[in-house]
Amino acid sequence: MAREATRARNVPVANGLDADPAVDAAYPPYPADPQVAAIVEHYRKRVAPLAERPVGRLAAAVERLPPEQGDSPAGRLIADAHLAATRGNGAQIAFTNTGGIRANLRPRQPDGTVTFGDVFTVQPFGNTLVTMTLTGAQLKALLESQWRSSTARPHFLQPSATLSYAWRDDAPPGARVVEDSITIGAERWRRDATYRVTVNSYLAAGGDRFHAFLDGTERSGGPLDVDALAQYLSQRSAGGPLAVDATPRILRQTARGSGTAVR
């Protein structure tokens with residue numbers, strides 16, 4: 001076909017998980033194709049026993065945030081789950097990427113139940129967990145790489161509870177993270193130390209332009225990220241609905257030295 005006879009048209013498709021009446025009015029949903037709908041329904045019934053299996057309970061909805069807004073409740077939950085699942089590999093810290101969190105995690109009424117299908121909707125990629133060794137210097141460089149240019153907004157990784165730090169937006173590139181603020185567990189970060197860090201296999205391969213993970217050594221494989229989250233929810237909500245940690249782990253430091261949440 002000749003180039004001049006070729007036409008393209010963008011067709012926005014609204015995500016129906018969080019329906020917005022204004023979006024639906026602007027972009028009316030297309031009716032389902034009968035043949036495709038029949039295939040989808042067939043497999044929906046096949047996976048229903050797995051998807052509808054309860055894995056835990058939550059006290060409230062767990063929200064995600066854009067990558068420039070620091071750590072979110074969903075990011076904190078997932079990173080903590082990944083850390084717990086890989087402690088046997090020596091993990092001290094875990095990160096997950098904001099873009100890999102595909103939905104908010106909403107408990108079901110009346111008791112806050114969360115199903116495996118809910119968890120899979122949040123983490124649908126089936127990545128495995130990878131634990132690697134980074135030096136303190138490499139870890140600092142990784143945190144600094146969250147700023148892609150001198151003017152760009154940060155693209156924050158979501159850290160586990162074992163890592164916290166402050167940053168300054170008036171500092172030069174490569175020095176935005178306040179070194180004295182970096183805490184790993186109960187200890188201050190050290191440039192010459194080594195740390196065991198867990199990420200999903202996408203990040204471990206340098207995904208989302210976090211190339212620092214490519215330098216990680218002594219790699220150990222772990223479970224699927226979705227299974228780690230499901231197991232964490234099951235264990236942590238055995239005595240009642242889990243309340244996700246509300247304490248920010250990434251703080252913006254003001255000129256006077258005090259810290260505030262990125263938001």
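The structure contained in this document is the topic of the report that follows. (Residues numbered from 1 in each chain as written. Predicted model: local features only at pLDDT ≥ 70, side-chain atom pairs only at ≥ 80, totals over all residues. Heavy atoms only, no water.)

Tracing the sequence through the fold places Leu-129 in strand β4 (residues 128-135). Using a relative accessible area of 1% as the deciding quantity, one classes Leu-129 as buried. Through-space distance from the C-alpha of Leu-129 to that of Val-226 is 9.7 Å; in sequence the pair is 97 residues apart. The residues contacting Leu-129, other than those within four sequence positions of it, are His-82, Ala-85, Thr-86, Thr-198, Val-199, Asn-200, Ser-220, Gly-221, Gly-222, Pro-223, Asp-225 and Ala-228. (Helix = DSSP H or I, 4+ residues; strand = E, 2+ residues; numbered from the N terminus. Buried < 20%, exposed > 50% of the residue type's maximum accessible area, 1.4 Å probe, protein only. Contact = heavy atoms within 4.5 Å.)

Keep in mind that most residues, glycine aside, have a negative phi and that most peptide bonds are trans. That bond from Gln-109 to Pro-110 is cis: its omega, 5 degrees, falls within 30 degrees of zero. Looking at where Pro-110 falls in the secondary structure, it is placed in the loop between β2 (93-97) and β3 (113-115). Of note in the backbone geometry, Arg-209 takes a positive phi value of approximately 65 degrees without being a glycine. As for its position among the elements, Arg-209 is in the loop between α6 (201-204) and β10 (217-224). Residue Glu-218 is not a glycine yet carries a positive backbone phi of 50 degrees. Checked against the element boundaries, Glu-218 lands in strand β10.

It is worth spelling out the sheet that holds β4 at this point. Reading across from one edge, β5-β2-β9-β4-β10 is the order of the 5 strands in this open sheet, with mixed pairing throughout. At either end of the open sheet lies a strand with only one pairing partner, and these are β5 (157-159) and β10. Geometrically, the sheet is characterised by an average inter-axis angle of 30 degrees between neighbouring strands, direction not taken into account. As defined by bridge partners, β4 adjoins strand β9 (residues 194-200) across 7 bridges and the pair is classed as antiparallel. Directly across from Thr-135, in β9, lies its bridge partner Thr-194. The strands that helix α5 (residues 136-144) touches are β2, β4, β5 and β9; relative to β4, the one it contacts most, it runs at about 115 degrees. Contacts from helix α7 (residues 225-236) reach β4, β9 and β10 within the one sheet, and its direction differs from that of β10 by about 65 degrees. (Pairing = 2+ DSSP bridges. Axes fitted to C-alpha atoms, helices over the stretch in contact; angles between N-to-C directions.)

Judged by nonpolar contacts, the single largest core of 27 residues is most densely connected at Phe-95 and Phe-213. Counting only elements with at least two residues in this core, the list comes to β2, β4, α5, β6 (163-167), β9 and α6. Apart from residues lying up to four places away in sequence, Phe-213 is in contact with Phe-95, Met-132, Leu-134, Leu-142, Leu-157, Val-197, Val-199, Leu-203, Ala-204 and Arg-219. Judged by nonpolar contacts, the second largest core, of 19 residues, contains Val-55, Ile-101, Val-114 and Leu-233. (Core = buried A, V, L, I, M, F, W, Y, C linked by side-chain atoms within 4.5 Å.)

What follows covers α7. With 12 residues, α7 ought to run about 16 Å at 1.5 Å a step, and its terminal C-alpha atoms sit 16 Å apart, in line with that. Considered for burial, the residues of α7 that qualify are Asp-225, Val-226, Ala-228, Leu-229, Ala-230, Tyr-232 and Leu-233. (Expected span 1.5 Å × (residues − 1).)

Moving on to the side chain of Ser-237. Considering the arrangement of structural elements, one finds Ser-237 in the loop between α7 and β11 (250-253). In this structure the side chain of Ser-237 is engaged in a polar contact, spanning 3.1 Å, whose partner is the backbone nitrogen of Arg-57. Once you skip the residues sitting within four places of it in the chain, Ser-237 turns out to touch Gly-56, Arg-57 and Leu-242. (Polar contact = N/O pair within 3.5 Å; in protein donor to acceptor, adjacent residues only side chain to side chain.)

For the structure on display, the rule yields 4 aromatic pairs. Here Trp-147 and Trp-167 contribute two aromatic rings whose centre-to-centre distance is 5.3 Å and whose plane-to-plane angle is 55 degrees, an arrangement assigned as tilted. With a gap of 20 residues between them, Trp-147 in the loop between α5 and β5 and Trp-167 in strand β6 connect regions that are remote in the sequence. Among the residues examined, Trp-167 registers a relative accessible area of 3% and is labelled buried. Here the aromatic residues Trp-147, Phe-156 and Trp-167 are joined through ring pairs into a cluster of three or more. Between the NZ or CZ atom of Arg-148 and the centre of the ring of Phe-210, over which it lies, the distance is 4.6 Å. (Phe/Tyr/Trp six-rings, centres within 6.5 Å; stacked < 30°, edge-to-face > 60°. Lys NZ or Arg CZ within 6 Å of the ring centre and 35° of its normal.)

Before going further, it helps to examine the pattern of salt bridges. As enumerated under the stated definition, the model contains 12 salt bridges in all. One salt bridge connects Arg-106 with Glu-63, and the closest N-O pair in it is separated by 3.5 Å. In this pair, Arg-106 is assigned in the loop between β2 and β3 and Glu-63 in the loop between β1 (54-57) and α3 (73-85), connecting sequence segments 43 residues apart. Look at Arg-106 and you get partly exposed, because its relative accessible area is 40%. Taking relative accessible area as the criterion, Glu-63 reaches 30% and is therefore assigned partly exposed. (Salt bridge = Lys/Arg side-chain N within 4 Å of Asp/Glu carboxyl O.)

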